[in-house]
Amino acid sequence: MKKPLIKNRHINFAAFLIIVFCIAYSAEVFARAGGGGGSSGGGGDGSGLIGLLIYIIFMIPFPWNFVVIGIIIFVGWLANKKQKQQSVLNQLPMGNAGDKLKALEKYKLVNPEFDAEAFKAKVKTAFIQIQEAWMLKDMSKVRKYISDGMYQRLNIQFKMMNILDQKNIIDNLLVKNVYIDKIEYDGNFEIIHTAIHASIVDKFVSAKYPQLNNGGAEEFVEYWSFIKKKGIKEQNLFNTQNCPKCGAELPKNAGDVSQCSYCKTITNLGDYDWILSEMTQADDYISIYSKVSKESALSMKVQELCKTNEDFSIQNIEDKASNGYLQIVTAQALKDPSIMRRFVSDELFEKLKVFSDSEIVYNRFYLNDVTLIAANVIDNKNVLSIAIKSSYQRVMLKDGKAILLDQVVMSKTETIQMSRDVAPQLSKGSLYAHVCPSCAGPVKDTIDTKCQYCGAELNSTKSEWIITDVLGVSEYKNYYQSNKDDLVAGIDIDKLESLYDVRDYAFNNVLVVMAADGVFAEEEIMMATNLAKKWGYNLNRISPMFEMAKNGGLVIRMPDDMKKRQKIFRLMEKAAAIDGTVSPEEKALLDAVSLQYLKTE
Ligand SMILES: [Zn+2]
Ligand SMILES: [Zn+2]
């Protein structure tokens, strides 16, 4: 029996139109999924979709088949649009936001005396003073209210800049808005994450290597995190140079330690006022901070595990980790093992002390993010793993010339492990701040691992957190897999950046490519704008990225997954060729990215 499939010519024509439309539509979905990186879950099976449509057209009577298909197309379009709008990049902050009132109200229930306006005035003062200190390469005025890790971060930059005879000249600084974004508790401490919206003219200048000069006007939102102990009487470290405890004048040349010469109190441990402990660019803040908070299950467990005194906090551990990591990087750049000897284990020292022959220094080196990701107990020691994301641009010095090894700023993640005895002795000071934990005597950079005053072994896990290993991403993954069952708690390292979709990486990297030659040409802006629209970005939201790219503030980002990397790289190639030619700068950059991220070992 033959059943007439086609009932009349109208349906036939309608079906034809719909099939054509659907093929065109699904092809477009594929272009995004594969070519545009659109949906991470892939566009589905196109032939299955067409089969279903044919089924609907012929099995559902006219005109309902039409209606059903119309609905399917509309829902599909909506889902696609919605999915695109969920990009983490669409969560980039607008500068004009206000305090997060819920967080603030909750905090004020416990701290009724807290004055948000006075706090924000401090933040603004800190912001302006630190920019000035940074330009003058002199931290003495701000030392009293910044953490040791923050001090080392800035100080190490100065050391690197000095090798290249660089200055960072800052002009026209304008703070447009300051608002409280998030308030967290961390052991006996409180942390306020504050967003700062500002504009600045910022130029890196070197008389010796002028080819490295760059910078210009920029506008940005940055997150500054301040920490203090719970329940202390808040004083004001920001507008005075006097000791908060005894009133004596604080030393004018404070370095590794911020201590009053008279009463010996340390000013920057959160006993007196808010202490600046972290600065985070908006693009890092949105991608990592929402994932790992100081109140996560992992943080809570570590609090329990390591809390041997009331001064323990995760923030403090992360501060030590960033401090130590930066000193290791500096030791390697300056080929001086004494900078790192005191706080690394003997095994790690053997691994790290092999320096490369060539003269490689950093034109830029930033710590983007430092996050505790796992905890473990081995041989009566607590072992903490801390992921450190840094961005860098290396330069080779040869015959008086500086040759850029990285065309743009690249980024990488490494994990450091720190160990301390489960039942530690009371520490009298931080080794990372050049203080002997056993006797509080000053410790110089030296390869001697014995304290010159008390003779104690410096890199001992008895009272201080000692760095025992530095692991690349895959090394850490192996560690995580083989120790998974023994971990007290841990976060999969992939999850740290999992909010970034393939297209987010690609868009970020495309902007870096476009700005590689230092100019963001009109046509490049047009192209990026079109790409942004195509990939569903809210142009207002992502406009800071254009600014950041222009000023070298965006860095090449890549996930760990090689297949994703290849996909992202293909998108970058496509974007470079979108105007018909690939310029020499673009070519050089693509080659560098390929070498850095696509080579398989
Ligand atoms: Zn004092
Ligand atoms: Zn000592």
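Residues numbered from 1 in each chain as written. Chains lettered and ligands numbered in written order. Predicted model: local features only at pLDDT ≥ 70, side-chain atom pairs only at ≥ 80, totals over all residues. Heavy atoms only, no water.

Some remarks on the coordination of the zinc ion (ligand 1)
To keep it simple, the criterion reads: Shown as donors are all N, O and S atoms within 2.8 Å of a metal ion, widened to 3.2 Å for Na, K and Ca; because water is not in the atom set, sites may appear incomplete. Donor angles set the geometry label: tetrahedral for four donors if every angle is between 85 and 135 degrees, square planar for four and octahedral for six if opposite donors exceed 155 degrees and the others are between 65 and 115, irregular for anything else. Whether a residue is buried, partly exposed or exposed follows from its accessible area with a 1.4 Å probe, protein chains only, as a fraction of its type maximum: under 20%, in between, or over 50%, in that order.
Looking at the metal site, the zinc ion (ligand 1) is ligated by Cys 243 (SG), Cys 246 (SG), Cys 260 (SG) and Cys 263 (SG), spaced 2.3 Å from it. Around the zinc ion (ligand 1), the four donor atoms are arranged such that angles at the metal cover 106 to 115°; this shape is classified as tetrahedral. Spacing between the donor residues of the zinc ion (ligand 1) along their common chain follows C-x2-C-x13-C-x2-C. Judged by relative accessible area, which is 1%, Cys 260 ranks as buried. Judged by relative accessible area, which is 26%, Cys 263 ranks as partly exposed.

A few points about the environment of Ala 248
Going by this rule: Helix numbers and strand numbers start at the N terminus; a helix is a DSSP run of H or I with at least 4 residues, a strand a run of E with at least 2. Contacts are residue-level and defined by heavy atoms, with any inter-residue pair within 4.5 Å sufficient.
Following the sequence through the fold, Ala 248 ends up in the loop between strand S3 (214-229) and strand S4 (275-281). Overall, Ala 248 belongs to the buried group, its relative accessible area being 19%. Along the chain, Ala 248 and Tyr 262 lie 14 residues apart, while their C-alpha atoms are 7.0 Å from each other. Non-local contacts of Ala 248, meaning those with residues more than four positions away in its chain, are made with Gln 241, Asn 242, Cys 243, Cys 260 and Tyr 262.

Overview of the coordination of the zinc ion (ligand 2)
Geometry reference: four tetrahedral donors at a metal, ideal angle 109.5 degrees. Six octahedral donors, ideal angles 90 or 180 degrees. Protein coordination of the zinc ion (ligand 2) is provided by Cys 436 (SG), Cys 439 (SG), Cys 451 (SG) and Cys 454 (SG), with donor distances spanning 2.2 to 2.3 Å. Because the angles between the four donor atoms bound to the zinc ion (ligand 2) fall within 107 to 111°, the donor set is best described as tetrahedral. Each donor residue of the zinc ion (ligand 2) lies on the same chain, and together they follow the pattern C-x2-C-x11-C-x2-C. Highlighted residues: Cys 439 in the loop between strand S8 (410-421) and strand S9 (466-471) and Cys 454 in the loop between S8 and S9, separated in sequence by 15 residues. Note on Cys 439: relative accessible area 29%, which makes it partly exposed. Since its relative accessible area comes to 39%, Cys 454 is described here as partly exposed.

Re the packing of aromatic side chains
Put simply, the test is: Note on ring pairs: Phe, Tyr and Trp rings are taken, using the six-membered ring of Trp, and paired if centres are within 6.5 Å. Classes follow the plane angle, with under 30 degrees stacked, over 60 edge-to-face and the rest tilted. Cation placement over rings: the criterion is NZ of Lys or CZ of Arg within 6 Å of the ring centroid and within 35° of the ring normal.
Overall, the coordinates contain 18 aromatic pairs when judged by the stated rule. Relative to Phe 66, the ring of Phe 62 has its centre 6.1 Å away and its plane inclined at 45°; by these criteria the two rings are tilted. Ring centres 6.0 Å apart and planes at 35° place the aromatic pair Tyr 476 and Tyr 479 in the tilted group. Taken together, the positions of Tyr 476 and Tyr 479, both in helix H11 (residues 473-483) and three residues apart, correspond to about one turn of that helix. Both residues of the pair, Tyr 476 and Tyr 479, belong to the buried class. Of the aromatic side chains, those joined through ring pairs into one cluster are Tyr 107, Phe 114, Phe 119, Tyr 145, Phe 226, Phe 238 and Trp 274. Above the face of the Trp 274 ring, Lys 228 is positioned so that its terminal group lies 5.1 Å from the ring centre. The side chain of Lys 412 reaches across the aromatic face of Tyr 392, ending 5.3 Å from its centre.

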